[in-house]
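So the chains spell out like this:
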Amino acid sequence: MSRRGFLSAAALGAAGAATLGANGAAGARSRVRSQAPANGLPSPDSITVTDPAFLDAVQAASLLQSGALHPRELLDACLSRSTEFDGEIGGWIRIYPEMAYEAADAAAERLSQQSVSTNGPAPLVCGLPLALKDLFAVSGLPLTASSRVLEGNIAAGDSTAWRRLKDAGMVLLGHAHTDEFAIGVATEQVGNPWNTEFSPGGSSGGSAAVLAARFVPLATGTDTGGSLRLPASACGITSIKPTFGRCSVRGVIPLTWTRDHAGPMGRSVADAALMLGFMAGADPEDPCTAVGPAVPDGGYPLSAKGGPTPLSGKRFGVVRSDVDALPDATRVLFDDFLDLVRRLGGTTVDVKLPTMPADITTGDSAEMGSYHRQFQDRMGLYRLSRAPAAALAIGSLAVPSIDYMTAARNRLVYQHEYNRMFADNDLDAILVPGAKADGVKRLEIAGVSVFTGVMGNVGWANYTGAPAISTPAGRSAATGMPFGVQVGGRPWDESTLIEIVLELQAARPDWQEAPTVAPAPREIPRVQVTTPGAGPDPTNTTNVGFGFHFLPTTSTAAI
């Protein structure tokens, strides 16, 4: 179903009447200001969506800012669709309606004409519903990493990412499932909305699923070994894995401290870029965030420049070895994507990524083990598919320190070689298939770890810390499942990648296609805020990390 095949406005009726009270939606809407949106959002008059749940984030933001939509109307639609359709998908682990409606009302006040006249315009994400991956702490709410190991755990404080988004007026709808502790790439408890027999990818599979199913317009994810990009490719949505340190991971349950990236997920790159502008920035509790350049004034670009050849002068490196290994159906999609790049004026050249040092993964298990050793007395509570990885990680703490330091040095060498590849080929970006397989069944990859990289060539962006965007590139003629392309760049250069993908998505909007989801009602667990955990870490777990932190570099010097 295309994005214009929306449900009628009547689909909102029962939920809206129940939550808006006697005054109804119109009465609530009247309290919101009415004026044109700003800063690159689409005009309200150009938006033809009738069911608010099908609005993408920039459309919803435009309507909220102009007063054509009330935050409660949007929240109603997202909750109604979630409870009606999440039964077979199972993307949500918990939802927070009471908290969400309070936030929606606060957003409405902030968007009101009186508030705007007194305090200035509300942030562009104000009033937008959000799904957090079940790794991001929210004070007084459960935080479980989709694991029985943390059953009953209550966050002691807010993660920095959520605090930033909350301060900007976003509305937390719920936590979405993750592959347990973000260890794997399956998220096997969640069905892909395009075909629930298939995996939504992982570890941010729940976030990708609730986006693709139109349960929510925005979500957060993390990426240690493709966990933002693999689910985006599998579910036909867009994710931005920013430069390491661009978004704080304070208050996020870790997998490995020197590879974990937090980032935004949306249906389009404009959606994800909109949220990235509020999610990113320096955090004194996460020193890596102070290293790079500041977030651009006014945030990241939200609209394409257009024209017949908007990519003229841009050079794209194609990782040919990965393309040649694709199944026939997704190879066709990738070749079509390259044709699009060239039609828009871009130049493509074949490149080879630097060879990954054999020992580069030495520290990964040790870092994971240093976190999971606090749960040694609960090993029997891990999923059967994840317990071996947790046990191996704890055992890896015996790795000699010199081996860990050597691996860190070799990682620096790899970073420099990646940067030299860009310099030697005068590249603006590289293009890498979003996945190796043409869709996979949920249980086929249940035991696969993000450290193996078998589902896609993704580690290059984690070990270099360089930014990468996963953008939809159509659906396979063989399986009907979505397929994406990774667009990677130089460290700290998210803006260039966003500008490129904006042009690609404007020219061929594969991201607009939505799955046909059969009704499957579900009583999603509903939770209210309670007393925060003891802490001191916001996750209410022992999460100290290392004194050593990985830092991205743009250097090309030989080592």
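Use the structure listed above.
Residues numbered from 1 in each chain as written. Predicted model: local features only at pLDDT ≥ 70, side-chain atom pairs only at ≥ 80, totals over all residues. Heavy atoms only, no water.

Trainee: Tell me what's going on with the packing of aromatic side chains, and back it up with residues and numbers.
Mentor: Any two aromatic rings considered together are summarised by their centre-to-centre distance and by the angle between their planes. According to the stated counting rule, one finds seven aromatic pairs in the structure shown. Taking the centre distance of 5.1 Å and the plane angle of 70° together, the rings of Phe-244 and Phe-550 count as edge-to-face. With Phe-244 in the loop between strand S5 (238-241) and strand S6 (261-266) and Phe-550 in the segment after helix H17 (494-507), the pair connects residues that are 306 residues apart, well separated along the chain. For the pair Phe-244 and Phe-550, a shared accessibility class is recorded, and that class is buried. Plain terms: the ring middles of Tyr-418 and Trp-460 are 6.1 Å apart, the flat faces sit at 20° to each other, and that makes the pair stacked. Within this pair, whereas Tyr-418 is found in helix H15 (residues 401-424), its partner Trp-460 is found in helix H16 (residues 459-464), the two being separated by 42 residues in sequence. A relative accessible area of 0% places Tyr-418 in the buried class. It is Arg-81 that lies over the ring of Phe-85; its NZ or CZ is 4.5 Å from the centre. Above the plane of the ring of Trp-460 lies Arg-229, whose end atom (NZ or CZ) is 5.9 Å from the centre. (Phe/Tyr/Trp six-rings, centres within 6.5 Å; stacked < 30°, edge-to-face > 60°. Helix = DSSP H or I, 4+ residues; strand = E, 2+ residues; numbered from the N terminus. Buried < 20%, exposed > 50% of the residue type's maximum accessible area, 1.4 Å probe, protein only. Lys NZ or Arg CZ within 6 Å of the ring centre and 35° of its normal.)

Trainee: An account of the pattern of salt bridges is needed here, citing residue identities and associated values.
Mentor: In the structure shown here, the tally under the stated rule is 19 salt bridges. A salt bridge links Lys-441 to Glu-197, with the nearest nitrogen and oxygen atoms 3.8 Å apart. Of this pair, Lys-441 sits in the loop between strand S9 (429-433) and H16 while Glu-197 sits in the loop between strand S3 (171-176) and helix H8 (205-212); the two residues are 244 residues apart in sequence, bridging distant segments of the chain. Under the relative-accessibility criterion, Lys-441 is labelled partly exposed at 32%. By relative accessible area, which is 51% here, Glu-197 ends up exposed. Note that Asp-364 and Arg-259 form a salt bridge whose closest N and O atoms lie 2.6 Å from each other. Of this pair, Asp-364 sits in helix H13 (residues 362-372) while Arg-259 sits in the loop between S5 and S6, and the two are 105 residues apart along the sequence. (Salt bridge = Lys/Arg side-chain N within 4 Å of Asp/Glu carboxyl O.)

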